[in-house]
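Listed below are the residues making up each chain.
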Amino acid sequence: MYASSVNNVLFHTAIQLSVPGVTTPMGSIPSKLHSYSDIEYLSLTKKIRCNLSSFSKHSHLNNKQRKKNVRDIVTQTNTHKNQQHSNHSDDNNKQEMTTAITSTSKGYLSPSQYYQYPISSTKHNNNKSIKNTLLGIWQGLNNDELHSSPIHSKYIEEHVKKNTPNWKACSKVVTSLLTFTRTKKEKYEWIQLVGHPGTFKEGIHDGYVLKQLNENERICCELLQNDSLKNFVPKYNGTIEDDEGKFFIEMEDLLASFHEPCIMDCKIGVRTYLEEELEKSERNPEPRADLYNKMITINPLAPTEKENQEKKILKPRYMIWRESLSSSQDLGFRIEAIKKSRGLMSKEFQRIKERNDVKKQLMDFIDNSLPRATGYYERLVELRSTCTNSDFFQTHELISSSLLFVHDGNKASLWMIDFGKTRLLPKDISITHRKPWVRGSHEDGYLFGLDNLITLFHEIIHEITFS
């Protein structure tokens with residue numbers, strides 16, 4: 001009876017923590033908890049401890065069985081990693097992976113990757129419902145007065161040690177609920193909005209996510225960990241296989257340290273298709289009705305007279321035409337999607353082509369903030385300088401890659417992402433990343449796009465400063 005009552009209290013507490021707008025019919029949670037006698041405290045606590053202990057063990061075992069590492073962590077291997085990996089047992093692999101992630105996490109999200117706004121410190125007004133609920137619970141869990149203190153898991157753990165052990169089990173439940181609400185639930189909600197549906201899922205280590213495996217991207221991630229561009233790309237922790245037999249790359253969650261971030265995905269370069277894709281389509285020149293229908297949906301006047309008669313078009317023709325609609329060819333980048341803090345995500349930017357229209361979208365994204373504009377400008381300038389000295393950048397063709405812009409109320413930064421179509425250049429080919437693309441040149445326009453982004457943010461800074 002008593003265990004059921006406590007379970008109900010914790011259940012409604014979880015609802016209040018997860019969905020702050022929902023109120024429960026339980027009344028005052030501290031009152032409910034204090035309604036038991038001291039003897040009942042001891043009895044119930046033992047049962048709760050026992051249940052929590054068995055639940056923790058069971059959850060830990062399921063987690064180990066559900067996911068397994070299939071490659072060594074790149075950051076912990078040397079040039080003989082393939083040979084060493086084959087000689088290790090499964091147990092050694094698991095131990096090595098744990099050691100690797102621990103050491104790698106020490107450099108997680110280094111301060112140099114961010115521009116900190118030079119603004120006065122102000123306290124964020126966090127969700128009042130969550131805060132009030134936690135204060136109420138803690139007043140019920142502890143006998144002494146709870147003074148105004150930050151609601152943080154470290155504080156909770158320290159505070160528990162100073163009080164009677166009878167409520168440690170309940171305190172741990174509250175701590176875990178708070179941690180989940182603030183780190184996992186909101187974090188992965190944001191991440192999924194950035195990528196394609198189903199592309200991302202929760203990582204097996206805190207601060208990391210899983211992305212569906214693309215072999216070209218995996219190779220690029222490995223190479224970039226030892227390149228001068230490593231501070232501009234997500235950290236990489238190998239690949240894993242899930243319980244459904246699907247393979248994923250485990251990489252750094254770039255949004256983890258941001259609070260309610262605003263996000264922008266810019267597709268960088270003058271084209272999003274590979275030259276080999278054009279060649280493959282031309283080897284099998286089969287006109288397609290679906291591409292014709294897509295074209296007339298966007299612009300009924302775009303097809304030629306012959307295409308209108310056949311009601312079909314070739315894929316190379318469609319791909320080249322599609323790029324001409326956006327700012328990709330003229331500016332070397334296009335805005336792919338924008339997600340404002342706590343707002344809806346918009347992808348209606350592919351047809352924004354004119355320079356001034358693009359600048360207006362950038363200004364709206366940063367909300368005319370001079371610190372944000374300055375932060376992005378400085379990060380872009382640093383990225384361009386690093387690219388010119390990068391071995392990886394000089395030897396690869398970066399197609400359909402993106403720049404991920406992220407800011408919140410305190411900082412702004414950006415990273416290079418999406419390397420699924422990045423290819424090693426042929427040995428007899430070198431590119432400037434700036435010259436116009438012609439068939440066979442392999443030029444991608446990456447630096448051309450960076451140049452224009454830097455110029456636009458410089459203009460934005462000037463306009464905000466003197467407006």
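Residues numbered from 1 in each chain as written. Predicted model: local features only at pLDDT ≥ 70, side-chain atom pairs only at ≥ 80, totals over all residues. Heavy atoms only, no water.

### A short note on the pairing of strand 8 (residues 333–339)
Moving on, step 1. By the criterion of burial, strand 8 is predominantly enclosed, with six of the seven residues buried.
Moving on, step 2. Alignment of strand 7 (residues 262–268) against strand 8, held across six bridges, turns out to be antiparallel. Following the sheet pairing, D265 is matched in strand 8 by A337.
Moving on, step 3. Bridge count for strand 8 against strand 9 (residues 345–346) is two bridges, and the pairing is antiparallel. Paired with I338 across the strands is S346, a residue of strand 9.
Moving on, step 4. Linkage of strand 8 to strand 9, two consecutive antiparallel strands, is achieved through a turn of five residues, within which R342 is found at a positive phi near 60°. (Buried < 20%, exposed > 50% of the residue type's maximum accessible area, 1.4 Å probe, protein only. Helix = DSSP H or I, 4+ residues; strand = E, 2+ residues; numbered from the N terminus. Pairing = 2+ DSSP bridges.)

### Overview of the sheet that holds strand 8
Moving on, step 1. Taken in spatial order, the six strands of this open sheet run 2-12-11-7-8-9, and their pairing is antiparallel. Every interior strand has two partners, whereas the edge strands, strand 2 (115–116) and strand 9, have only one.
Moving on, step 2. Across the face of the sheet, helix 15 (residues 355–365) comes into contact with strand 7, strand 8 and strand 11 (401–407) while running at roughly 30° to strand 8. (Contact = heavy atoms within 4.5 Å. Axes fitted to C-alpha atoms, helices over the stretch in contact; angles between N-to-C directions.)

### Brief notes about helix 16 (residues 370–388)
Moving on, step 1. A rise of 1.5 Å per residue sets the reference length of helix 16, with its 19 residues, at 27 Å; its end C-alpha atoms lie 27 Å apart and thus fit the reference within 8%.
Moving on, step 2. Where helix 16 is concerned, the buried positions are R372, A373, T374, G375, Y376, R379, L380, L383, T386 and C387.
Moving on, step 3. For helix 16, the elements touching its buried residues are strand 2, helix 15, helix 17 (391–394), strand 11, strand 12 (411–417) and helix 18 (446–466).
Moving on, step 4. The N-cap of helix 16, judged by a side-chain oxygen 3.3 Å from the amide nitrogen of R372 a few residues on, is S369. (Expected span 1.5 Å × (residues − 1). Polar contact = N/O pair within 3.5 Å; in protein donor to acceptor, adjacent residues only side chain to side chain.)

### Focus: the packing of aromatic side chains
Moving on, step 1. Applying the stated rule across the entire model yields eight aromatic pairs.
Moving on, step 2. Ring centres of F365 and Y376 lie 6.1 Å apart, and the angle between their planes is 25°; on these two criteria the pair is classed as stacked. Residue F365 is located in helix 15, and its partner Y376 is located in helix 16; the two are separated by eleven residues in the primary sequence.
Moving on, step 3. For Y376, a relative accessible area of 0% translates into the label buried.
Moving on, step 4. Ring plane angle 70° and centroid distance 5.1 Å describe the contact between Y376 and F405, whose orientation is recorded as edge-to-face. Taken together, the residues Y376 in helix 16 and F405 in strand 11 connect sequence positions 29 residues apart.
Moving on, step 5. Across from the ring centre of W415, 5.9 Å away, lies the NZ or CZ of R379, which sits over that ring.
Moving on, step 6. Over the ring of F258 we find K411, and its NZ or CZ is 5.0 Å from the ring centre. (Phe/Tyr/Trp six-rings, centres within 6.5 Å; stacked < 30°, edge-to-face > 60°. Lys NZ or Arg CZ within 6 Å of the ring centre and 35° of its normal.)

### Details of helix 15
Moving on, step 1. For helix 15, every residue scored as buried is listed here: V358, K359, L362, M363 and F365. For helix 15, the angular spread of buried residues about the axis comes to 160°, placing them on one side.
Moving on, step 2. Looking at the buried side of helix 15, the elements it contacts are strand 7, helix 14 (328–331), strand 8, helix 16, strand 11 and helix 18.
Moving on, step 3. Immediately beyond the C-terminal end of helix 15, within one or two residues, lies D367, with a positive phi of roughly 55°. (Arc of directions from axis to C-beta.)

### Some details on unusual backbone geometry
Moving on, step 1. A positive phi angle is found at D418, which is not glycine, with a value near 65°.
Moving on, step 2. We classify D418 as partly exposed; its relative accessible area is 22%.
Moving on, step 3. Phi at H442 takes a positive value of approximately 65°, unusual for a residue other than glycine.
Moving on, step 4. Considering the arrangement of structural elements, one finds H442 in the loop between strand 13 (423–424) and helix 18.

### Description of the packing of helix 11 (residues 289–298) against helix 13 (residues 315–323)
Moving on, step 1. Viewed as axis vectors pointing N to C, helix 11 and helix 13 meet at an angle of 25°, and their least axial separation amounts to 10 Å. Taken as axis vectors, helix 11 and helix 13 run roughly parallel relative to one another. Seen from above, helix 11 lies across helix 13 with left-handed handedness. Counting all contacts with helix 11, which are made through L291, K294, M295 and I298, the residues of helix 13 involved are K315, R317, Y318, W321 and R322. (Parallel < 35°, antiparallel > 145°, perpendicular 65-115°, else oblique. Left-handed = near helix turned anticlockwise from the far one by under 90°.)

### Considerations on the confidence of the model for the chain
Low pLDDT marks regions whose predicted coordinates should not be analysed in detail.
Moving on, step 1. With 58% of its residues at a pLDDT of at least 70, the chain reaches an overall mean of 73.
Moving on, step 2. Every residue in residues 119–125 scores below 50 in pLDDT, and together they form three contacts with partners more than four places removed in sequence or on other chains.
Moving on, step 3. With pLDDT under 50 throughout, residues 159–183 is counted as low confidence; its partners more than four residues away or in other chains account for 54 contacts. (pLDDT = per-residue confidence, 0-100.)

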